[in-house]
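What the coordinates show
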Amino acid sequence: MLTSLLDNDFYKITMQNAVIKRFPYAHARYAFINRGEHAFPDGFGAELRREIDKMAKLHLRDDEKRYLEITCPYLDPTYLDFLAGFRYDPTEVIIEQQGADLSVVIEGPWYRTILWEVPLMALISELWYRLRGITVTPEADAVIEQRAQEKIELYRRMGLKIAEFGTRRRFSFDVHDRVVGALHHHGGESFTGTSNVLLAMRHGVKPIGTHAHEWFMFHGARFGFKMANSLALEHWVDVYRGDLGIALTDTFTTRAFFDSFDKKFAKLFDGVRHDSGDPIDFASQTIAHYERLGIDPMSKAIIFSDALTPEKIERIHAFCKDRIGMAFGIGTNFTNDVGEEPMNMVIKMVEARPEGQGWLPVIKLSDVPEKNTGDPEMISLAKRIFLVNQRD
């Protein structure tokens, strides 16, 4: 089911490079969170274990390394040599199934375990359908491609920039591959690329991504909540020197992020990414923040990536047009639009062990309470520190 080390989201590679350079001795623990309370069929855990064990054979091929060298010059030769020697260690993943409940825990050095999340979620999603006998017929393949074509042609007519972000909850790799092919063929300049590095290489499009919540979550554990956003941004700039300049905003709420996103960072970063809460409220806050700093919002961009549908995108576009730059990262609506209900699940870092310290809980304090993750007591502490008043 997984045939390449690059069948992963690009932000995992960019974060791994940054972790190696800034926190090589840190350890991390991740856990599967079954938000949809899905009931897993008998034998699911054992089949997942078999697929994970196969991943030990994956390695970076010579042509894949050359692709990264040419496409991503900010990934230095030292890191690419490391990646060429990297192998997944399946002992870092612990799987337990009791009845219909599935537990997945990942633990080990952060620079290694950081690559597990996305392919594991893709495996869980694909197995979820396959083991329940849900498949896509050859006749449905044409319908899947037609749906992708219709969506991207709509966005092209609107003059929008669209990227595909759907690796984690895809129906299958084959569906994912077909969708990216259709988007590339019919999207023209509107289709900017995909988060999946293997499919970006296969279809000749740009790999898209910067960093995820865990980058900020670790900084919260290592340096304290008040310093988390500013130091996470500072360390990112130290590694990438102006490349990969889209900042994620909602790890400790957007309001707390903008408190740290001063004129220095606002000028250094090309824009910000929205991943929770009302997108129109977020756009209003972002425009106002840039204007307060004396920065023209039209020189910056918002990347919207939270559960996007054509209807939501049209609403966002109508509000942001001629006020701020915008682009859209669409995930499940592209890669799992086959007539079946997509899974509602995540894998999140839950604890970190920075160098010289013991295990510490990490949290995500989102703009919407249902997306909060981590130790409840630590979430309550973060709310007090950031003066957040959420209804639980």
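Definitions and cut-offs
Residues numbered from 1 in each chain as written. Predicted model: local features only at pLDDT ≥ 70, side-chain atom pairs only at ≥ 80, totals over all residues. Heavy atoms only, no water. Salt bridge = Lys/Arg side-chain N within 4 Å of Asp/Glu carboxyl O. Helix = DSSP H or I, 4+ residues; strand = E, 2+ residues; numbered from the N terminus. Buried < 20%, exposed > 50% of the residue type's maximum accessible area, 1.4 Å probe, protein only. Arc of directions from axis to C-beta. Contact = heavy atoms within 4.5 Å. Pairing = 2+ DSSP bridges. UniProt positions renumbered as here; feature names shortened; annotations may be inferred.

Observations regarding the pattern of salt bridges
- Within this structure, the stated rule accounts for 26 salt bridges.
- Two residues, Arg170 and Asp7, come together in a salt bridge whose shortest N-O distance is 2.9 Å. In this pair, Arg170 is assigned in the loop between strand S4 (162-164) and helix H8 (173-187) and Asp7 in the segment before helix H1 (10-22), connecting sequence segments 163 residues apart. Residue Arg170 shares its accessibility class with Asp7, and that shared class is buried.
- Measuring nitrogen to oxygen at the nearest pair gives 2.8 Å for the salt bridge that ties Glu234 to Lys264. Note that Glu234 is positioned in helix H11 (residues 225-240) and Lys264 in helix H13 (residues 263-268), a separation of 30 residues in sequence.
- Residue classification places Glu234 among the partly exposed residues on the basis of a relative accessible area of 24%.
- Via salt bridges that share partners, Glu47, Arg50, Glu51, Lys54 and Arg130 belong to a single interconnected network.

Regarding helix H15 (residues 310-320)
- Among the residues making up H15, those that are buried are Pro310, Ile313, Ile316, His317 and Cys320. Each buried residue of H15 sits inside an arc of 120° when the element is viewed along its axis, so together they form one side. Residues of H15 that are exposed and point over 90 degrees away from its buried face: Glu311 and Ala318.
- Where H15 is buried, its residues contact helix H7 (138-157), helix H14 (279-292), strand S9 (301-304), strand S10 (325-330) and helix H16 (332-335).
- Following H15 by one or two positions, Asp322 adopts a phi angle in the positive range, close to 65°.

Notes on the sheet that holds strand S5 (residues 191-194)
- What the seven strands build is an open sheet, ordered S6-S5-S4-S10-S9-S8-S7; its pairing is parallel. In the strand order of this sheet, the two ends are held by strand S6 (206-207) and strand S7 (246-248), each with one partner.
- Alignment of S4 against S5, held across three bridges, turns out to be parallel. By the bridge assignment for S5, Glu164 is matched with Thr194.

A look at the UniProt feature "modified residue: Phosphohistidine" (unreviewed entry) in the protein
- Following the UniProt record, the feature "modified residue: Phosphohistidine" (unreviewed entry) maps to His213 here.
- Relative to the elements of secondary structure, His213 occurs in helix H10 (residues 213-223).
- Once residues lying within four places of it in the same chain are set aside, the contact partners of His213 are Leu248, Asp250, Thr251, Asp275, Lys348 and Lys364.

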